[in-house]
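Spelled out, the chains give:
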Amino acid sequence: MLDWFANKWNQFVDYLYQIFISFVEFLKDFLWWTLDMLFGAVIFVLDGLASLFQGLNPLQYISAIPPETQYFMGVCGISASMSSIVTALIIRMMLQLIPFVRLGS
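This structure is a prediction, so every number in the text was calculated from the model and none was measured.

1. Points about the overall build of the protein chain
Point 1. Helix and strand counts for the protein chain stand at four helices and zero strands.
Point 2. On C-alpha atoms alone, the protein chain measures out to a radius of gyration of 31 Å, which is more than a quarter above the 13 Å that the 2.2 N^0.38 rule sets for 105 residues.
Point 3. Expressed along its principal axes, the backbone C-alpha trace of the protein chain runs to roughly 105 × 35 × 15 Å.
Point 4. Sorting the 105 residues of the protein chain into buried and exposed places 1% on the buried side.
Point 5. By element, 75% of the accessible surface of the protein chain is carried by carbon and sulfur atoms, the whole surface being about 9900 Å².
Point 6. When the 4 basic and 7 acidic side-chain charges of the protein chain are each reduced to a single mean position, those positions are 10 Å apart.

Printed below as a string of structure tokens:
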């Protein structure tokens, strides 16, 4: 008689274990679904922002600079200094992405 009770108890414990495993799987699926919806919303917003920058053409501003100013900028080395500054900013932003490396900020 006690074997029957022990058998039923083991079946009950297995049932509770299966419920727990199912709940964990549900939480994992819910997390992935939430992330999928979040990334979908971010992509939708970024696609909408891309249309705002279609009319922006920075080359039109550079061509609007008078020739005398362009010559003086070339003599002073503005192009080399701007490339160095942009490279330094890109490197700084890339370093900010590495965890535990917050150099000065």
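2. Quick word on the environment of Ser83
Point 1. With respect to the helices, strands and loops of the structure, Ser83 is situated in helix α4 (residues 78-96).
Point 2. Between the alpha carbons of Ser83 and Phe23 there is a distance of 55 Å; along the sequence they are 60 residues apart.

About the criteria used
Residues numbered from 1 in each chain as written. Predicted model: local features only at pLDDT ≥ 70, side-chain atom pairs only at ≥ 80, totals over all residues. Heavy atoms only, no water. Helix = DSSP H or I, 4+ residues; strand = E, 2+ residues; numbered from the N terminus. Rg over C-alpha atoms; globule rule 2.2 N^0.38 Å. Buried < 20%, exposed > 50% of the residue type's maximum accessible area, 1.4 Å probe, protein only. Areas by Shrake-Rupley, 256 points an atom, 1.4 Å probe, with all protein chains shown as cover. Lys, Arg positive; Asp, Glu negative; His and termini not counted. Charge placed at Lys NZ, Arg CZ, Asp CG, Glu CD.

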